[in-house]
Amino acid sequence: MAACVAVIAKENYPLFIKTIPTENELKFYYTVHTSLDVVEEKISSLGKNANDLRELYLGLLYPTEDYKVYGYVTNTRVKFVVVVDSSNASLRDNEIRTMFKKLHNAYVDMLCNPFYKPGDNITSKSFDNIVVGMLQQD
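The structure presented is a predicted model; accordingly, all values stated were derived computationally and were not measured. The residue count restarts for each chain, going from 1 along the sequence in the order it is written. With pLDDT at 70 or above as the cut-off, local features in this predicted model cover only qualifying residues; side-chain atom pairs require 80 or more to be listed or tallied, and sums for whole chains, interfaces and linings still use all residues. Calculated side-chain values reflect all of the structure's heavy atoms, with hydrogen atoms and water omitted.

K.L.:
Teacher, can you tell me more about helix α2 (residues 93-111) here?
P.N.:
Every α-helix winds through 3.6 residues per turn, so residues three or four apart in the chain are directed the same way. A run of H or I in DSSP counts as a helix once it spans at least four residues, and a run of E counts as a strand once it spans at least two, with each numbered from the N terminus. By this rule the span expected of a helix is its residue count minus one, scaled by 1.5 Å. If you check α2, its first and last C-alpha atoms are 27 Å apart, about what 19 residues at 1.5 Å a residue would give, namely 27 Å. Burial status follows relative accessibility: with a 1.4 Å probe on protein chains alone, a residue under 20% of its type maximum counts as buried, one over 50% as exposed, and anything between as partly exposed. Among all positions in α2, only Ile96, Met99, Phe100, Leu103, His104, Ala106, Tyr107 and Met110 are buried. Taken end-on, α2 shows its buried residues confined to a sector of 165°, consistent with a single buried face. In α2, the exposed positions that point more than 90 degrees away from the buried face belong to Asn94, Thr98, Lys101 and Asp109. In what follows, a contact means two residues having at least one pair of non-hydrogen atoms within 4.5 Å. On its buried face, α2 is in contact with β1 (2-8), β2 (14-19), β3 (57-63), β4 (67-73), β5 (79-85) and α3 (125-136). This arc is taken over the directions from the axis of the helix to the C-beta atoms.

Structure (C-alpha cells):
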C-alpha cells in the first residue's frame, strides 16, 4: 500500500522513516524532506487560529511521477508523511485517512511508554510492526 512512512518531529527532524523497497531509501528521504515545505505552508494557511487544528489530515501534499505524498499533523505539530505508489489507483482518500489514524494511534501508544523520551528516535518494536504492516499491505 505505502512505499514510505515517516514521522517528523515538531522541529522538522526525522524521528522514524521506513521504506519499501530499501534500494531507493535515499530518494524517499529526499521526498519526505521536500514535503515538509508543503506541510508548513498548509499549516500556516489555516490562519491565525493555527493552534486550534480541527482537521489533522492535510491530504495530498504533492504528486510526483512515481509517487503521491500525503501528510498529517498532530496537535503537538508532529508530522506524519506517507508516500504511496501513484500506480495504485484503487487507493481512496478514506483509506489514506484510516492509515493516518492507525499510525497516529500507534504513535500515541508508543509515546505512553515511560521509557521513551519525546524527541528521541522511535525504536519501538510494536510501532515498527504496525508500520511494516502498512507498507506490506497490498
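K.L.:
Just checking my understanding: could you explain the environment of Asn94 for this structure?
P.N.:
Examined against the element boundaries, Asn94 turns out to sit in helix α2. Between the C-alpha atom of Asn94 and that of Val108, which follows or precedes it by 14 residues, the distance is 21 Å.

K.L.:
What should I look at first to understand the packing of α2 against α3 in this one?
P.N.:
Inter-axis angles, ranging from 0 to 180 degrees, are taken between N-to-C directions of lines fitted to C-alpha atoms, where helices are fitted over the stretch in contact. Running from amino to carboxyl end, α2 crosses α3 at an angle of 170°, the nearest separation of the two axes being 9 Å. Here α3 runs roughly antiparallel to α2, going by the angle between their axes. On the side of α2, the interface is formed by Met99, Lys102, Leu103, Ala106, Tyr107 and Met110, while α3 contributes Phe127, Ile130, Val131 and Met134. Amino acid classes used here: Ala, Val, Leu, Ile, Met, Phe, Trp, Tyr, Cys and Pro are nonpolar; Asp, Glu, Lys and Arg are charged; the rest, including Gly, are polar. The class makeup of the residues in the contact of α2 with α3 is nine nonpolar, no polar and one charged. Here the angle decides the label: under 35 degrees means roughly parallel, over 145 means roughly antiparallel, 65 to 115 means roughly perpendicular, and every other value means oblique.

K.L.:
Explain helix α1 (residues 25-44) to me, please; I cannot follow it from the model alone.
P.N.:
Across its 20 residues, α1 extends 29 Å between first and last C-alpha, which sits within 8% of the 28 Å expected from 1.5 Å per residue. Taken as a whole, α1 has its buried residues at Phe28, Thr31, Val32, Ser35, Leu36, Val39 and Ile43.

K.L.:
Can you help me understand the pattern of salt bridges in this one?
P.N.:
By definition here, a salt bridge exists when the distance from a side-chain nitrogen of Lys or Arg to a carboxyl oxygen of Asp or Glu is within 4 Å. Tallied over the entire structure, the rule returns four salt bridges. A salt bridge links Glu40 to Lys79, with the nearest nitrogen and oxygen atoms 3.6 Å apart. With Glu40 in helix α1 and Lys79 in strand β5, this residue pair connects regions lying 39 residues apart in the sequence. Residue Glu40 is classed as partly exposed on the basis of its relative accessible area, which comes to 33%. Here Lys79 falls in the buried class, since its relative accessible area comes to 1%. For Arg97, the salt bridge identified is with Asp93, shortest N-O distance 3.6 Å. Residue Arg97 and its partner Asp93 are both found in helix α2; the two are separated by four residues, about one turn of the helix.

K.L.:
When you look at the side chain of Ser35 in this model, what are you seeing that I'm missing?
P.N.:
With respect to the helices and strands, Ser35 occurs in helix α1. For Ser35, a relative accessible area of 0% gives the class buried.

K.L.:
Hey, could you run me through the layout of surface pockets in this one?
P.N.:
Rolled over the atoms, a probe with the dimensions of a water molecule shows which regions are left empty. Lining residues are defined by having an atom within 4 Å of a point belonging to a cavity or pocket. Those points lie on a 1 Å grid over the protein atoms alone, cavities being sets where a 1.4 Å probe fits but cannot get out and pockets being open sets with protein on both sides within 12 Å along at least five of seven lines. Grid points are joined across faces, edges and corners, and a volume is the space filled by probe spheres set on the points. Put simply, the largest pocket is a space of about 170 Å³. Surrounding the largest pocket, 14 residues form its lining, Thr76, Val78, Tyr107, Pro118 and Gly119 being those nearest its centre. Residue contributions to the lining of the largest pocket peak at four residues, all from α2. For the lining of the largest pocket, the residue count by class is nine nonpolar, three polar and two charged.

K.L.:
How do you make sense of the packing of aromatic side chains when you look at a structure like this?
P.N.:
For any pair of aromatic rings, geometry is given as the distance between the ring centres together with the angle between the planes. We call Phe, Tyr and Trp rings a pair once their centres come within 6.5 Å, taking the six-membered ring for Trp, and we label the pair stacked below 30 degrees between planes, edge-to-face above 60, and tilted otherwise. Inspection of every chain in the model, using the stated rule, returns six aromatic pairs. Pairing Phe28 with Tyr67 gives two aromatic rings, centres 5.0 Å apart and planes at 65°, and the pair type is edge-to-face. One end of the pair, Phe28, is in helix α1; the other, Tyr67, is in strand β4, with 39 residues separating them in the sequence. Residue classification places Phe28 among the buried residues on the basis of a relative accessible area of 0%.

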